[in-house]
Amino acid sequence: MKNIELKPCPVCGAKAFLNRDVVDGFFMGYSAGCPRYCFYDGIHGHDENTPPEEHLTKFNFVSAEQAAEWWNSRAANTKVKNERRKKNEQD
Ligand SMILES: [Zn+2]
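Keep in mind that this is a model prediction, so the values were computed, not measured.

Asker: It is not clear to me how the sheet that holds strand β3 (residues 57–61) should be interpreted in this structure. Could you clarify?
Answerer: Think of a sheet as strands paired side by side through backbone hydrogen bonds, with each pair either parallel or antiparallel. Spatially, 3 strands are ordered β1-β2-β3 in an open sheet, and the strand pairing comes out antiparallel. The sheet terminates laterally at β1 (17–23) and β3, the two strands that pair on one side only. This sheet shows a mean twist of 25° between the axes of neighbouring strands, independent of strand direction. Here 3 bridges tie strand β2 (residues 26–33) to β3, and the two strands are oriented antiparallel to one another. When the bridges of β3 are listed, A32 appears paired with K58. Against the sheet, helix α1 (residues 64–76) engages β1, β2 and β3, with an angle of about 25° to β2.

In structure tokens, the structure reads:
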């Protein structure tokens, strides 16, 4: 795999991951995103109702380059922070 640069997570600043996912010997595609996002840690302001376009981790890319490209444009879009602040103010 080529050395691919990944932007840090726009929400928590964690180093992003890029995985080649293999389950029981079957190649499931590539995934990329924030490693902390998957844990519902409360930092990322998401739950099971969060729409896919707001996700900070995504699976099933056919290539590592595609996964990295998605993540880097996702990370460059820091709207997440503002949306989350708005949501917290309503609560
Ligand atoms: Zn994060």
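Asker: How should I be thinking about α1 in this particular structure?
Answerer: Count 3.6 residues to each turn of an α-helix, and residues three or four apart come out pointing the same way. Taking 1.5 Å per residue, 13 residues should reach 18 Å; α1 reaches 18 Å between its end C-alpha atoms and fits that length. Here α1 has its buried residues at A67, A68, W71, R74 and A75. Mapping the buried residues of α1 onto a view down its axis gives an arc of 130°, with all of them on the same face. Exposed and facing more than 90 degrees away from the buried side of α1 are S73 and A76.

Asker: Explanation requested: the nonpolar core in the structure shown.
Answerer: Nonpolar side chains in soluble globular proteins tend to end up buried together. One finds C9, A16, Y30, A32, C34, Y37, L56, F61, A67, A68, W71 and A75 forming the largest nonpolar core, which totals 12 residues. If one sorts the elements of this core by residue count, α1 sits on top with 4 residues. Contact partners of C9, with chain neighbours within four places excluded, come to A14, A16, C34, L56 and A75.

Asker: Which parts of the structure should I look at to understand the pairing of β1?
Answerer: Successive side chains on a regular strand alternate, one facing one side of the sheet and the next facing the other. Across 7 bridges, the pairing between β1 and β2 is antiparallel. Considered in β2, the bridge of V22 is made with F27. Where β1 folds back on β2, the antiparallel hairpin that results is connected by 2 residues, among which D24 adopts a positive phi of roughly 50°.

Asker: Hey, could you run me through unusual backbone geometry in this one?
Answerer: Peptide bonds are mostly trans, and most non-glycine residues show a negative phi. With a phi angle near 50°, D24 is a residue other than glycine that sits in the positive phi range. Relative to the assigned elements, D24 resides in the loop between β1 and β2. Judged by the 5 C-beta atoms lying within 10 Å of it, D24 is exposed. At N60, a position not held by glycine, the phi torsion is positive, near 70°.

Each value, and the rule that gives it
- Residues numbered from 1 in each chain as written.
- Predicted model: local features only at pLDDT ≥ 70, side-chain atom pairs only at ≥ 80, totals over all residues.
- Pairing = 2+ DSSP bridges.
- Helix = DSSP H or I, 4+ residues; strand = E, 2+ residues; numbered from the N terminus.
- Axes fitted to C-alpha atoms, helices over the stretch in contact; angles between N-to-C directions.
- Contact = placed C-beta atoms within 7 Å.
- Expected span 1.5 Å × (residues − 1).
- Buried ≥ 20, exposed ≤ 12 C-beta atoms within 10 Å, placed from the backbone.
- Arc of directions from axis to C-beta.
- Core = buried A, V, L, I, M, F, W, Y, C linked by C-beta atoms within 7 Å.

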